[in-house]
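Below are the chains, spelled out letter by letter.
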Amino acid sequence: MNAWIEAENRHSASNYKPLPVVLTRGQGVWLWDVDGKRYLDMMSAYSAVSFGHGHPVLVEAMVAQARQLAVTSRAFHTDRLGPFLQLLCEMTGLPKALPMNTGAEGVETALKAARKWGHKVKGIADGQAEIIVCNGNFAGRTTTIVGFSSEPQYRDGFGPFAPGFVSVPFGDAAALEAAITPRTAAFLVEPIQGEGGIIVPPAGYLAACREICTRHNVLLICDEVQTGLARTGRLLACQHENVKPDGLILGKALGGGLLPVSAFLAREDVMAVFRPGDHGSTFGGNPLASAVGTAALQLLKQDNLAERADKLGARLLEGLRAIRHPAIRGVRGKGLLIGLDLDPAQVSARTFCERLLQHGVLSKETHETVVRFAPPLVITEQELDAGLDVIRAVFDTVPADRRMPAESLPA
Ligand code: PLP
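Treat the numbers as computed from the prediction; the structure is a model and nothing was measured.

Draft legend 1. Representation of the domain arrangement of the protein chain. Here the protein chain is described as being made up of domain 1 (2–54 + 307–408) and domain 2 (56–302). Computed from C-alpha coordinates alone, the two centres of domain 1 and domain 2 are separated by 27 Å. Across the contact, 26 residues belong to domain 1 and 29 residues belong to domain 2. Counting the surface lost from both domain 1 and domain 2, the interface buries some 2200 Å², and carbon and sulfur atoms represent 60% of this. Three residues, F51, K334 and L337, lead the burial of domain 1 against domain 2; their summed loss comes to 33% of the area buried on that side. Summed over the shared surface of domain 1 and domain 2, the number is two salt bridges. The salt bridge involving E195 is made with R372; its shortest N-O contact spans 2.7 Å.

Draft legend 2. Region of the structure containing the pairing of strand 1 (residues 23–27). In this structure, strand 1 lies alongside strand 2 (residues 30–33), joined through four bridges in antiparallel fashion. Within the sheet, the bridge partner assigned to R25 lies in strand 2 and is W32. In this structure, the hairpin formed by strand 1 and strand 2 is closed by a connection of two residues, where G28 is found at a positive phi of approximately 60°.

Draft legend 3. Expanded view of the nonpolar core. Within the largest apolar cluster, 92 residues are counted, with the highest numbers of intra-cluster contacts made by L88, F187 and F352. Residues from two domains meet in this core; each of domain 1 (2–54 + 307–408) and domain 2 (56–302) gives at least three. Residues M100, A110, I131 and A266 belong to the second largest nonpolar core, which totals 27 residues.

Draft legend 4. Spotlight on helix 5 (residues 103–122). Over its 20 residues, helix 5 runs 26 Å from end to end, which matches the ideal 28 Å to within 8%, given 1.5 Å per residue. Just past helix 5, the residue G123 takes up positive phi, approximately 95°.

Here is what the cut-offs are and how they apply
Numbering of residues starts from 1 in each chain and follows the order in which that chain's sequence is written. Residues qualify for local features only when their pLDDT is at least 70, as the model is predicted, and side-chain atom pairs are given and counted only at 80 or more; totals for whole chains, interfaces and linings, by contrast, use all residues. As a rule here, side-chain values come from all non-hydrogen atoms in the structure, and water together with hydrogens is ignored. Boundaries of every domain are those given by an automatic assignment or by a domain database. Contact between two residues is taken to exist if any of their heavy atoms lie within 4.5 Å; hydrogens are not considered. Throughout, the accessible surface (probe 1.4 Å) given up by two parts as they are put together, summed over both, is called the buried area. Salt bridges are defined as contacts in which a side-chain nitrogen from Lys or Arg sits within 4 Å of a carboxyl oxygen from Asp or Glu. Two strands form a pair only when DSSP identifies at least two bridges running between them. The way it works is that DSSP assigns letters per residue, a run of H or I at least four long becomes a helix, a run of E at least two long becomes a strand, and they are numbered from the N terminus. Here, nonpolar core means buried Ala, Val, Leu, Ile, Met, Phe, Trp, Tyr and Cys residues that are tied together by side-chain atoms lying within 4.5 Å of each other. Here's how the labels work: a residue is buried when its accessible area is under 20% of the maximum for its type, exposed when over 50%, partly exposed in between, all with a 1.4 Å probe on protein chains only. Helix span, as expected, comes to 1.5 Å for every residue beyond the first.

What follows is the structure in structure tokens.
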């Protein structure tokens, strides 16, 4: 095990701090390390592996398409892109889509569309458009995106940053309205903040934002890279409040856990700002990605994964809330996107994840105090209950009275 970790450490930038496990195989909700130990995946690659590892239908779609035609660039039409975007638009209710690869690229696409719409359609003076974002946001790692992050580490040393972003508290619709000026083109928001610590806003927040944005002719753009595609128990998290955004960003699960596939979807007049040459990506919308994306969307519908996430998420939430331990500050989430908030004076989230690893469950902390639980949506009740048993067992090893570093916790 150490040899692989050493090789990685020797040659890789240290921009991640992985848990000490070397994975080699995955199937469904299970992962295996190089020593043959099996783990329950309760993280799903930051919600990208909603269908479980190596779903046979998706792998088959990918392999068949790879044999036929994989990458052409958008210099030509293919017989895969149109059907993919048609299904994506039908399912999300937005008429136009622009395919990209990573979530951050989808967000960048949304920002460009919003600014250009602001300048060319809304009539904001050129170069003056502003976009309102929320404190605690996470939208990726490009220089523009980290420039509007409220997390000092994400920004430290990476400036100068793009101007034109205004930040307001998340969950506060009045603050949004107060921040709107004639220069505001769009409001970019995650319906539930994922990397920010699985923060669920007060009920009615998104609906209030919708109403405010409509009234001020400001685009409501929902970043559903993490919350979208059934993760929170609805196809889109904004559907919990019957909100239809003007722009929508999807990613992660859109690639079926096999490829990076993202998309920006929008109203006709918003997407109409893009002319040939304005924007693009060599790989965005390639036949391989389109085939996998299509199969992933079909599977979401066919297996009713939104309903499944809703039901199993409620079970997980209930199970976690039933655990009585003084280190627990809160349990929150929707569907199968759940955060367990721990008191760092008693146990750090990192230590907790290391303990889970030792007991055969994989997850990852976010923001030092929150352990996320976001298993593949195909998880069964029995598998979920097995995960809960492990979480309870780990709490049994956490002393209730003082902070203990991982090494000193009893085995
Ligand atoms: N937007 C949200 C809400 C995310 O959670 C993430 C990633 O975690 C991104 C965008 C960026 O996606 P990617 O890492 O694929 O660039």
